[in-house]
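Structural characterization, general
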Amino acid sequence: MGLLLSPQLAVLLLLLWFASASLSPSNAETFDVRKHLSTVTRYDFARENNKNAFVTSTIPDECTVVHLNLVARHGTRSPTKKRIKELDRLAIRLEALLSDAKQGTLEANGSSQKIPNWMWGWQSPWKGKLKGGDLIIKGEEELYHLGLRTRERFPEVFDEDYHPDIYPIKATQIPRASASAVAFGIGLFSGKGSLGPGRHRAFAVISESRASDIWLRFHDTCETYKEYRKNEEPNVDKLKEPILDEVCSALITRYGLNFTRQDVASLWFLCKEEASLLDITDQACGLFSPSEVALLEWTDDLEAFILKGYGNSINYHMGVPLLRDVFHSMEQAIVAKEEHHAPGSFEKARLRFAHAETLVPFTCLLGLFLEGPEFERIQRMESLEFLPKPPQERKWRASIVAPFAGNSILVLYSCTGNESISTASSRVPSSKYFVQVLHNEVPVPIPGCGHSDFCPYEVFKQIIFNPHLKRDYESLCQKKFESPESCSSKVFKFFYRLFFKDRKSNAHEDKTEL
């Protein structure tokens, strides 16, 4: 005989079922940690993150692309030599923790049963490696396919025979950046040469000396920035400590091991490397809940924001030489178009390959990923508020701004019949030339242009180029930079406001430098 339920009880049971379903492991499986690795995020996952509700412009048929500017970060790389040593130390540390657990020195009875199996006898996948930071196969593939897609998307730009004056390719002297340029070029020019079955062709990659590269490694040559970063790094570490302590406390309870703050930082780094480079998400990453991953990702984003991004205007104003290079290339392209220069006699694309320390400041100069009136604030050289802490939403995410192989492309269009070409956001009734900004190959709204992604060139010049190009790199980088309010003061205030009142004491605090 079946059990009969009242309508009210049936509804209650149904609601309970929905609630339990939302918390079930099958639902948790939709969370993919590989989308939440800050600047260690791989490009294919960053592109998925970049999908949003922004409605892109329809480019008029009478508009054709006349020039491209590309600024790209290198592809996915192996951990650096310094980080490889950190993982070797982690292996020794885990062995000691597991030995304690095995001998029953921990307070919790049966604690060893909580320990994930992968920890027993774990060794770093990079153990014994003497070199690090090199482009891995995944990184080569990211740039190769980006080159293929770029040519397919802009066939009118890449219809000329290759010449370094038509398609100059520049990279920093760091091998992973120049290797990324090569991988991109192989894809871009595949089938256009006579080398091998793929009919590849040779091409030039130009690099400036690291000691004088103010275009792509301005962070290495700007003394003011280096002083700022040296002073701020300890403050950023302090800002991250409460989150590491919070996660550390949770891991101790969950696994019964006496983790320290440094252990948590190293395990989070291991998680990022395993997930991004090896597609392993059930070992180190499996230690953390999705909410803990969100907090750890936020600490990484906060560090990138303060030391590379909108956290202080010196971070991006030192990138003015790169912006000026982009501006000059666009101006030259317009002159070539207006004066009807012969095909093959002028530059059609300027392609650059560098680092997160290049790409993040460049996106700041363009004013990308800002909230509300923040664009006007950065033009006044004002620092912005720090990123809101999860679960609050934020627009600025390092996994989108500067993942491995992250890129910004400025597309210059020439439109015939200019009397009919205008945009609702335009400050001028019509224009012959327009700029579209793509980030990770997706059109993004341009602040100051009504948040349209298709901006009249004169407006773009007025709101983006002109305010920044008034600044001089030499004077900015060779004298002490003074901000209305130092970032040190802001870090302290933010730290006090966010954590001081409710911070719990942590008996497992570790004083080791992160």
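Reading the values: rules and limits
Residues numbered from 1 in each chain as written. Predicted model: local features only at pLDDT ≥ 70, side-chain atom pairs only at ≥ 80, totals over all residues. Heavy atoms only, no water. pLDDT = per-residue confidence, 0-100. Contact = heavy atoms within 4.5 Å. Helix = DSSP H or I, 4+ residues; strand = E, 2+ residues; numbered from the N terminus. Buried < 20%, exposed > 50% of the residue type's maximum accessible area, 1.4 Å probe, protein only. Polar contact = N/O pair within 3.5 Å; in protein donor to acceptor, adjacent residues only side chain to side chain. Phe/Tyr/Trp six-rings, centres within 6.5 Å; stacked < 30°, edge-to-face > 60°. Lys NZ or Arg CZ within 6 Å of the ring centre and 35° of its normal. Disulfide = S-S within 2.5 Å. Salt bridge = Lys/Arg side-chain N within 4 Å of Asp/Glu carboxyl O. Axes fitted to C-alpha atoms, helices over the stretch in contact; angles between N-to-C directions. Parallel < 35°, antiparallel > 145°, perpendicular 65-115°, else oblique. Left-handed = near helix turned anticlockwise from the far one by under 90°. Nonpolar A, V, L, I, M, F, W, Y, C, P; charged D, E, K, R; others polar.

**Focus: the confidence of the model for the protein chain**
Segments scoring low in pLDDT should not have their predicted coordinates read at a detailed level. Per-residue confidence for the protein chain gives a mean pLDDT of 87; residues scoring 70 or more make up 83%. Within the model, pLDDT remains below 50 along residues 1–5, and this stretch shows one contact once partners closer than five positions in the same chain are excluded. For the stretch residues 424–429, pLDDT sits under 50, and the model shows 13 contacts to residues farther than four places along the chain or on other chains.

**Remarks on the environment of Q123**
Positionally, Q123 belongs in the loop between helix 4 (81–102) and helix 5 (137–153). Among the residues examined, Q123 registers a relative accessible area of 41% and is labelled partly exposed. Measuring from C-alpha to C-alpha, the distance between Q123 and L87 comes to 8.4 Å, with 36 residues separating the pair along the chain. Polar contacts involving the side chain of Q123 include one to the side chain of K127, which spans 3.3 Å.

**What about the packing of aromatic side chains?**
Taken as a whole and assessed by the stated rule, the structure comprises 15 aromatic pairs. An angle of 55 degrees between the planes, with centres 6.3 Å apart, marks the rings of F305 and Y310 as tilted. Exposure remark for F305: the relative accessible area of 3% places this residue in the buried category. Using a relative accessible area of 0% as the deciding quantity, one classes Y310 as buried. With a centroid separation of 4.5 Å and 5 degrees between ring planes, the pair formed by F434 and F454 is classed as stacked. Here F434, found in strand 5 (residues 433–439), pairs with F454, found in strand 7 (residues 454–456); they are 20 residues apart in sequence, far enough to count as distant. Take F434: its relative accessible area is 0%, and that puts it in the buried class. Using a relative accessible area of 3% as the deciding quantity, one classes F454 as buried. Three or more aromatic residues link up through ring pairs in this structure, and these residues are F158, Y162, Y167, F189 and F203. For R83, the ring lying beneath its charged end belongs to F269, and the centroid distance is 4.1 Å.

**Quick notes on the state of the cysteines**
Counted by the stated rule, this structure contains four disulfides. Sulfur-sulfur distance for the disulfide between C222 and C477 comes to 2.1 Å. Between C222 and C477 the disulfide shows an S-S torsion of about -95 degrees. By sign, it is left-handed. Here C477 lies in helix 17 (residues 473–477) and C222 lies in the loop between helix 7 (218–221) and helix 8 (223–255), a separation of 255 residues in the sequence. The pair formed by C222 and C477 is uniform in burial state, with each residue classed as buried. Residue C449 pairs covalently with C455 via a disulfide, S to S 2.3 Å. Between C449 and C455 the disulfide shows an S-S torsion of about 105 degrees. By sign, it is right-handed. Classification of C455 as buried rests on a relative accessible area of 0%. Across the protein chain, the way the bonded cysteines pair up, counted in sequence order, is 1-5, 2-8, 3-4, 6-7.

**A word on the pattern of salt bridges**
Inspection of every chain in the model, using the stated rule, returns 28 salt bridges. Where E48 meets K35, a salt bridge forms, and the shortest distance between an N and an O atom there is 3.2 Å. Residue E48 is found in helix 3 (residues 43–49), and its partner K35 is found in the loop between helix 2 (25–28) and helix 3; the two are separated by 13 residues along the sequence. Residue R83 is joined to E86 by a salt bridge in which the shortest nitrogen-to-oxygen separation is 2.7 Å. Taken together, the residues span about one helical turn, with R83 and E86 both in helix 4 at a distance of three residues. When its relative accessible area of 10% is taken as the criterion, E86 is described as buried. Salt bridges sharing partners connect three or more residues here, namely D32, R34, R42, D44, K138 and D279.

**Focus: the packing of helix 4 against helix 9 (residues 261–278)**
Two numbers describe how helix 4 lies on helix 9: the axes approach to 10 Å, and their chain directions differ by 120 degrees. With respect to their mutual orientation, helix 4 and helix 9 come out oblique. Crossing of helix 4 against helix 9: the hand is left-handed. On helix 9, the residues touching R83, E86, L87, L90, R93 and L97 of helix 4 are Q262, D263, A265, S266, L267, F269 and L270. For the contact of helix 4 with helix 9, the residue count by class is seven nonpolar, two polar and four charged.

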